[in-house]
Every structure is written in structure tokens, then in C-alpha cells.
Amino acid sequence: MILLSHYIVVSAILFSIGVIGVLCRRNALVIFMSVEIMLNAANLAFIAFAREHGGMEGQTIAFFVMALAAAEVAVGLGIIMAVFKKQGTIDLAKINFLKG
Amino acid sequence: MQLAFFYFFSGLSILSALFVIFFRNTLSAAIALVVTLFGVACLFGLLEAHFLAAMQVLVYAGAVMVLFLFVIMLMNLGREELLKIKLAFLGIIGVITGVCLAILLVTRFMGLSAPLLSLDLGVEYGTVKSVGKLLFGEYLIPFELTSILLLVAIIGAITLARKPQS
Amino acid sequence: MEKIVSYLVGHCEKLQHLPEDFIYLALQVVAGLLVLMLFVAPFAGIISFVERRIAARVMDRVGPNRVGPQGIFQWLADGVKSLLKEDIIPAQADSVLFRLAPYLVFVGMFAAFVVVPFSSGLIVADLNIGIFYLIAVTSIVVVGIMMSGWASNNKYSLLGGMRSAAQIVSYEIPAGLSILAVVILSGSLSIQSIIKAQGAYPWQWFLFQNPLMPIAFISLFIASLAEGNRTPFDIPEAESELVSGYSTEYSGMRFVFFYFEEWANLYLIAAVSTALFLGGWNLPSAVVSWAQTKGDVLLHLLQFLTFFIKAMVMVFIIIQLRWTLPRVRVDQLMALCWKYLTPIGFVVSLGWQLGWLYFLRECLWSVM
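Since the structure is predicted, the reported quantities are computational estimates derived from the model, not experimental observations.

**Examining the packing of helix 2 (residues 26-46) of chain B against helix 3 (residues 50-75) of chain B**
Residue and element names in this part refer to chain B.
Link 1 in the chain: Where helix 2 meets helix 3, the closest approach of the two axes is 8 Å, and the angle between their N-to-C directions is 175°. The angle between helix 2 and helix 3 places the two elements in the roughly antiparallel class. Contacts between helix 2 and helix 3 involve T26, L27, A30, L33, V34, L37, F38, V40, A41, F44 and G45 from the former and H50, L52, A53, Q56, V57, Y60, A61, M65, F68, L69 and I72 from the latter.

**Here we look at the confidence of the model for chain C**
All names here are of chain C.
Link 1 in the chain: Of the residues in chain C, 90% reach a pLDDT of 70 or more, and the chain-wide mean stands at 80.
Link 2 in the chain: Ranking the elements of chain C by mean pLDDT puts helix 1 (residues 2-11) last, at 59, and helix 9 (residues 213-227) first, at 87.
Link 3 in the chain: Scoring the predicted complex yields pTM 0.82 and, for the interface, ipTM 0.85.

**What to know about the domain arrangement of chain C**
By convention, interface size is frequently given as the accessible area that disappears when the constituent parts associate.
Residues and elements named next belong to chain C.
Link 1 in the chain: Annotation of chain C at the domain level lists domain 1 (1-83) and domain 2 (85-367).
Link 2 in the chain: With centres defined by C-alpha atoms, the gap from domain 1 to domain 2 works out at 20 Å.
Link 3 in the chain: On the domain 2 side, the residues contacting the 18 residues of domain 1 number 18 residues.
Link 4 in the chain: In terms of residue count, helix 2 (residues 20-58) provides more of the side of domain 1 that touches domain 2 than any other element does, 14 residues in total.
Link 5 in the chain: Taken together, the residues of the side of domain 1 that touches domain 2 sort by class into 11 nonpolar, 5 polar and 2 charged.

**Some remarks on unusual backbone geometry**
Link 1 in the chain: With a phi close to 70°, E48(B) is a non-glycine residue in the positive phi region.
Link 2 in the chain: Positionally, E48(B) belongs in the loop between helix 2 and helix 3.
Link 3 in the chain: For D60(C), which is not a glycine, the phi torsion comes out positive at approximately 60°.
Link 4 in the chain: With respect to the helices and strands, D60(C) occurs in the loop between helix 2 and helix 3 (74-84).
Link 5 in the chain: On the neighbour-count criterion, D60(C) (6 C-beta atoms within 10 Å) is exposed.

Parameters at a glance
Residues numbered from 1 in each chain as written. Chains lettered and ligands numbered in written order. Predicted model: local features only at pLDDT ≥ 70, side-chain atom pairs only at ≥ 80, totals over all residues. Axes fitted to C-alpha atoms, helices over the stretch in contact; angles between N-to-C directions. Helix = DSSP H or I, 4+ residues; strand = E, 2+ residues; numbered from the N terminus. Parallel < 35°, antiparallel > 145°, perpendicular 65-115°, else oblique. Contact = placed C-beta atoms within 7 Å. pLDDT = per-residue confidence, 0-100. Domains from an automatic or database assignment. Nonpolar A, V, L, I, M, F, W, Y, C, P; charged D, E, K, R; others polar. Buried ≥ 20, exposed ≤ 12 C-beta atoms within 10 Å, placed from the backbone.

Structure follows, in C-alpha cells:
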């Protein structure tokens, strides 16, 4: 018997893994991937709650989150590429110039 | 039966998510992320959200991950182990914070015990039709705003990627 | 499917203890494997032989004609030979990714065959998001190709992989727009419903439904040629510049996987355009009622033959194209996608609705 809590717990664990990734890693790309994991965890929670209530609203919100994630990746990777071209590294500890 | 699938896919996605943050090689992390996203897509499928499951595979595996792989290859980061995880002070604090968050969330949500399968869902649940009705009805304005957001993202990405004109 | 399950449960006592959805799942896995082994694998093999013979004709050679009558078993000989070859993994390659990549490519391609119909009843799973699932699943192939290109640690492979990924991702847009035009016409994403919305005769096909549809068909055809890395869009594996693109470093069985994917893709392109535009397995109603008196098996056989012949015509056109047209350049390829096919796709999928607006206005004028 699958309970709602199963899915929510999975979502919580994935979200925490994403948080650990953002806090620990200094590679900008990996931090980006961790953000993706967190967004996915949120989506999973939305869809699980939508399933519990039998409504479609949660799925619609998850759809918006996906569109947002796509936009975020396009701009974020563009910024990372620009920083890499300028500074030659994507180690966030070494990127310490405000001047472009 | 469903329970077995649930444990398999959730285990898969959690394990590969751990790999994402602990692999040293950026490219391997990206591949692990593909597995995570795929596992989450399968969980969506188990929750009867078939349209979103396909959407997840299309958007993430088809577009987002290809962008990631492109960037990694362009920077040629994968091969040398550029950035090792130094478990410095901040790193330890990060891990502790994350684990605390996980424990907090898990103990908080363990109590939600609504059985998922008790509800009798209609035939249309999770189909493109039902998502589309909401998107073009109640959520029409957010939907149109999303298209503006994507347009802005495209313009921003092009501006960032363009060579500076001298 | 229900019939088979109830038959099995009724006749095997051991099966009665199992939950029903488990039996469904097992049956679907078996059906998928049957499609793979009985149809896709021999088809890919035989079509490789056919393509070589046609190529030989075009070049005024004979082609493979030694194994069996007219060389028809050449593909079996080639398969056995590749199996026996040494499986070489370059020392500098990333061995895990190098080994994983062919399977990923293979899985992405084969998962698409789940929704490809063979007749009105023969389909592994008629998903309600059918064609959308197909677009989604085939995009896994891109990840596999990029992985193989990168893991080989070879500049030709890397260039081939990146070209291929850029090409496939770009051409998904015109393909999706053309498919959107069909979906608007039929009002469904399920491939079987799309086929049912058409008829047996050419004037009932979606291809001739309105003046915009032939344009949609041609742009889908070009886009799927590009997605399948077929000439004139085979720049990812252009022999004269990149040796063999992303599959340069592969040998033995893994190489066969890549080529298997290519020829299975050939059928996939043909089957999708047949199902969406050329009426699929539809037969004239007189034939259907005649065949039903003889039994369901004959009906499905006739439908399968209809579908298969239409698909084979498409396959032969694609093969002929390969040996007729020269390869395009990378910039020409991207220009074709973004400057021509994508705007045309928007015009086609929006034009249908604009046509309706025009029609409404005419109605209003006539009322006033």
C-alpha cells in the first residue's frame, strides 16, 4: 500500500540532497545540477499532493516549474559560459571579481 | 506491485542524486543527473501524471541535459579532476545542515498517511486534455506569462553567448 | 490484451495467484521483446543488405551477392562476424561511459517502438500521449550519442557527437510543429486514434486534407531525416571529414548497436510518416467487412501489409535520397532548420486556425 508520505519523504530526501550539493560543492555546474534536483523534488511533492486530492492543479503548477527550469538553465549556463570565458574557471571560490 | 516499482525508482533517483553531488568528475555528475531525472519521471508515471512524465523526459533529457553536456564539453572540464570536494569547515556545515533538514522534513512528513489509491480518479486524470483545460482556462495568464519568460530567457542567453562586437 | 489475460488466467491455475497488473506487465514486456526480435532486428538486418545492393546499383557495382541466393543472408554473416570481433576499448577512453553509450542509444530507439502500430490491434501499448511519448523518448538517443562522442577521447568522435546533438535538438522543433498540425486535425495524441481519424483512400489521408498538409509532411520528412542522421544530413558521421563520427572508436558488438539504431530509425521515420499522413493501416470498409467474415487474423494481416507497404515505399525513397543527394554543410543545415523549416512549421500549424477564422468571417458576411 503506497501512502502519500512515501512520495513526500522521497521528495524531502531529494530536496535535502540538493541543498547539500548547493552548500558543499564549489563547481558552478554541479551547484546548478543540485538546483535542478531541488526543483524536481518540489515537482514530485506537487504531483503527489495533486494525486491525493484527485485534482489537476498540482500538475499544472509542475508544468510551470518545468518551463521555469528550462528558462533558468538557458540563462544560467549562458552566464557560466561567459564567466568561464572571462576568468578561465568555474570554481566559485576563485571567482571573486565584481568587474567584468 | 506498485510498491515494488516505487521503491525501485525512488531508490534509483535518490542514489543517483547522491552520486550527482559526490562525483568529482563533472561529466559523470551530469550522467547521474540524467538517471535521477529519469527516476523522477517514472515516479510521475506511477502517480498517473503521464503527460508530465513524458514532459520531464522531453524537457530534461532532451533539452536541459544536452545543454549541460554541451557546456561541459566546451569547457573540457570532465577529464581533469578540477574541483575536489575539500571537506572544509563550510563543507561540513553544509552537510550537517542538509542532513538536519532531511531529518526534519522526513519526521515531519512521516505522519501524512493518506492512502493514495483510495481515490477514484476519472479516465481523464493526468492526460493532456485535463492539463490543457486548466492551462488554457484558469491558468491562462500565468501560461502566457511563461511564454514571455521563455522569450526573455532566449534573448538573455543569446546576448550572453554573443561575441562582443568591437 | 484483456482477452489474452482472461484466457491465461482461465487456463493456467498457477497464474490465478498472481496479481492481474503483474500479468499485464509481463505480457507487455513479452510483446515488446517479440516486436524487437521478430520484427525490428530482422528488418534492420535485411534493410542494411537492401541498402547496400541499391547503393551498388547506383554506383554501377554488383554489391554483396555471395551469402545465400543474391546475397540475402549477408546481414547474418555480418552480424556473426561483428560478434566474433575483438571488443576494443581505447586506453584513454572513459570506459564506463564508453560501454554505457551504445545501450543508451539502443534503449532510446527501441522504447519508441512501443507506440508504433502494426495493425488496428497489433501495438505494444496504445498510450494516450502516444506521439508525444515518441518525441520524448527519442531524445534519450541524443544523450547516448554525446556520451559516446565524449567517452571515446577522440577529436573526430567528439566533433561528430556534438554535431549530432546540435542537429537532433534543432530539428526536433520543425518536426514537433509538423506533428502539431496533424494533432490539431485529429484532435488526439494517440497514434491509433490519429490513424482512425483518416481513411483508406488517398483523399481521406491527412496528407491531402488541406493545402498546408503536404508542406507539413515534407518538413516532417526533412526534419526526421536530419534527426536520424541520414544523408543529405549525415554530417555527424561524414566519412570524408570525421572518419565515422561518434562511432569511430567502436568495434564489434557495440558498433553493431549503433548501426542497428540507424536502420531501426529508418523504419521509425517511415512508420511515423505513414501513421500520421498516409492513412496508416486503414482499409476500405468493404475489405474490412469481408476480412472479418474470414476471421480476425486475416484482417490484422491485411492491415499490417497495408501499413508495411506504405512504410516500405517511404524507406525506399529515403534510401534513394541517400545515394542521390550530396551532403550539406553545417551552416547550411542550421540555416535550413532555423530560417526555413521552423517558420514554415509555425505557418502550417497556425495557418489551419487562421483558415478557420477566415471561414468564420465569410459566414458572418453571408449572414449579414
